[in-house]
Amino acid sequence: MAEEKQGYIGALGGNAIKLIACSLMLADHIGMILLPDVVALRMIGRLAMPLFSFMFAEGCFYTRHKLRHFLTLLCMGVCTSAVMSAADGAPCGDILISFVLACPVIYSIDTLKKSVFARDGRNSALLSAALALSLAFAVYVCLFSPVHVDYGLSGVLLPVTVRLLDFRSYGFTGAFSELYCHALAVVCFALGLIAVSFESGGIQFYCLLSLPVLALYSGRRGGLPLKYFFYIFYPAHLALLFLIRIAIF
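Residues numbered from 1 in each chain as written. Predicted model: local features only at pLDDT ≥ 70, side-chain atom pairs only at ≥ 80, totals over all residues. Heavy atoms only, no water.

(A) Spotlight on the overall build of the protein chain. When helices and strands are tallied, the protein chain shows 10 helices and two strands. Ordered by position in the sequence, the α and β elements of the protein chain form the string α-α-α-α-β-α-α-β-α-α-α-α. Computed over C-alpha atoms, the radius of gyration of the protein chain comes to 18 Å, within 12% of the 18 Å expected from 2.2 N^0.38 for 249 residues, which places it in the range of a compact globule. Taken along the three principal axes of its C-alpha coordinates, the protein chain extends 60 × 40 × 35 Å. With 249 residues in all, the protein chain has 46% of them scored as buried. Partitioning the intrachain contacts of the protein chain with sequence separation of at least 6 by distance along the chain shows that 73% fall at a separation of at least 24. (Helix = DSSP H or I, 4+ residues; strand = E, 2+ residues; numbered from the N terminus. Rg over C-alpha atoms; globule rule 2.2 N^0.38 Å. Buried < 20%, exposed > 50% of the residue type's maximum accessible area, 1.4 Å probe, protein only. Contact = heavy atoms within 4.5 Å.)

Dropping the structure here:
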């Protein structure tokens with residue numbers, strides 16, 4: 001899968017986009033936890049989720065340890081959501097839970113494509129059932145369970161859009177495969193973002209400003225090994241901000 005054939009023309013690696021997202025998320029949570037009257041911070045923060053969502057989808061595609069990736073997200077999501085639920089006084093699932101629900105859908109589509117192009121009919125049927133079950137579970141949790149999931153069902157399905165039309169990476173050589181490129185992935189993602197914006201409403205429409213940043217994605221991760229920094233940053237900065245709020249207020 002040569003990157004130049006997929007239309008990457010940007011200069012921002014995955015790590016750079018995640019660092020931008022971390023900065024935007026920090027601003028958002030400062031507004032949420034410490035300065036709720038400063039609406040500008042929440043507006044700026046709307047750009048963080050799309051950047052994380054896109055890079056999460058890329059991570060799902062490239063990771064060689066899918067189960068470990070899923071379990072890490074699940075453990076972190078349960079812990080951080082438990083803290084947020086205690087703070088809010090109601091059960092809620094943060095963005096990590098949204099990604100946890102998206103994981104089985106993405107993995108099912110990924111393995112289903114591999115099976116289809118390998119012409120393995122038996123596995124394809126099983127994987128289709130797995131995809132249907134993972135989608136049904138996501139719908140149930142988002143729409144019918146008492147747990148409020150960040151960005152709702154459209155937020156859960158947002159990262160699914162990133163490589164939905166990528167068939168070339170799985171061995172498809174037809175004319176349709178030549179249409180897939182980074183620009184098409186961003187367009188599909190933009191449609192998902194519009195759905196998220198309509199579902200959430202209000203200032204969520206500012207999330208569309210993240211699209212120019214994603215257009216600059218180079219298709220490369222970046223030189224520095226920052227994976228564990230990104231895992232730690234989310235719970236660490238939330239804990240610090242809550243401690244600051246307790247100390248000040």
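(B) Representation of the nonpolar core within the structure. Formed by 64 residues in total, the largest nonpolar core has its most connected members in Phe54, Phe56, Leu101 and Phe189. Considering every element that reaches this core, the biggest residue donor is helix 5 (residues 95-117), with 13 residues. The residues contacting Phe56, other than those within four sequence positions of it, are His69, Leu73, Phe99, Ala102, Cys103, Ile106 and Pro159. (Core = buried A, V, L, I, M, F, W, Y, C linked by side-chain atoms within 4.5 Å.)

(C) Structural view of the confidence of the model for the protein chain. On average, residues of the protein chain score 89 in pLDDT, and 95% of them reach the 70 mark or higher. Taken as a whole, residues 1-5 scores under 50 in pLDDT and shows 10 contacts with residues more than four places along the chain or in a different chain. (pLDDT = per-residue confidence, 0-100.)

(D) Expanded view of the pattern of salt bridges. In the structure shown here, the tally under the stated rule is six salt bridges. A salt bridge links Asp28 to Arg46, with the nearest nitrogen and oxygen atoms 2.6 Å apart. Of this pair, Asp28 sits in helix 1 (residues 14-33) while Arg46 sits in the loop between helix 2 (39-45) and helix 3 (48-62); the two residues are 18 residues apart in sequence, bridging distant segments of the chain. Classification of Asp28 by relative accessible area gives buried; the value is 7%. The salt bridge involving Glu58 is made with Arg163; its shortest N-O contact spans 2.9 Å. Here Glu58, found in helix 3, pairs with Arg163, found in the loop between helix 7 (152-157) and helix 8 (182-200); they are 105 residues apart in sequence, far enough to count as distant. (Salt bridge = Lys/Arg side-chain N within 4 Å of Asp/Glu carboxyl O.)

(E) Expanded view of a nonpolar patch on the surface. A contiguous nonpolar patch, built from Val187, Leu191, Ile194, Phe198 and Phe205 and spanning about 500 Å² of accessible area, is present on the exposed surface. Tracing the sequence through the fold places Leu191 in helix 8. (Patch = residues over 30% accessible without salt bridge, like charges linked within 9 Å, V, L, I, M, F, W, Y side chains within 5 Å. Areas by Shrake-Rupley, 256 points an atom, 1.4 Å probe, with all protein chains shown as cover.)

(F) Region of the structure containing helix 1. Helix length check: helix 1, at 20 residues, gives a terminal C-alpha distance of 28 Å against a target of 28 Å (1.5 Å per residue), a fit within 8%. For helix 1, the elements touching its buried residues are helix 2, helix 3, helix 9 (211-215) and helix 10 (227-248). (Expected span 1.5 Å × (residues − 1).)

(G) Representation of the UniProt feature "transmembrane region" (unreviewed entry) in the protein chain within the structure. In this numbering, the UniProt entry assigns the feature "transmembrane region" (unreviewed entry) to residues 7-27, 39-57, 69-87, 93-112, 124-143, 179-197, 203-219 and 228-248. Spanning residues 203-219, this segment combines 29% helix with 0% strand, and its end C-alpha atoms are found 29 Å apart. Across residues 228-248 one finds 100% helix and 0% strand; the C-alpha atoms that close the span lie 30 Å apart. (UniProt positions renumbered as here; feature names shortened; annotations may be inferred.)

(H) Region of interest: empty space enclosed by the protein. What the rule picks out here adds up to one cavity of 30 Å³ or more. Residue lining of the largest cavity: Ala57, Cys60, Phe61, Ile106, Ile109, Asp110, Lys113, Pro159, Val160, Arg163, Leu164 and Tyr170, and that is the complete set. Broken down by secondary-structure element, the contributors of at least two residues to the lining of the largest cavity are helix 3 and helix 5. (1 Å grid on protein atoms, 1.4 Å probe; cavity = no way out; pocket = protein on both sides within 12 Å on 5 of 7 lines; lining within 4 Å. Points joined across faces, edges and corners; volume = space filled by probe spheres on them.)

(I) Summary view of the packing of aromatic side chains. Tallying each qualifying case throughout the model produces 10 aromatic pairs. A centroid spacing of 4.9 Å and a plane angle of 85° characterise the contact between Phe61 and Tyr62, whose relative ring orientation is edge-to-face. When its relative accessible area of 17% is taken as the criterion, Phe61 is described as buried. Judged by relative accessible area, Tyr62 falls into the partly exposed class, the value being 37%. On the numbers, 6.2 Å between centres and 55° between planes, the contact of Tyr228 with Tyr231 is tilted. Here Tyr228 pairs with Tyr231, and both are found in helix 10, just three residues apart, close to one helical turn. Given a relative accessible area of 58%, Tyr228 falls into the exposed group. (Phe/Tyr/Trp six-rings, centres within 6.5 Å; stacked < 30°, edge-to-face > 60°.)

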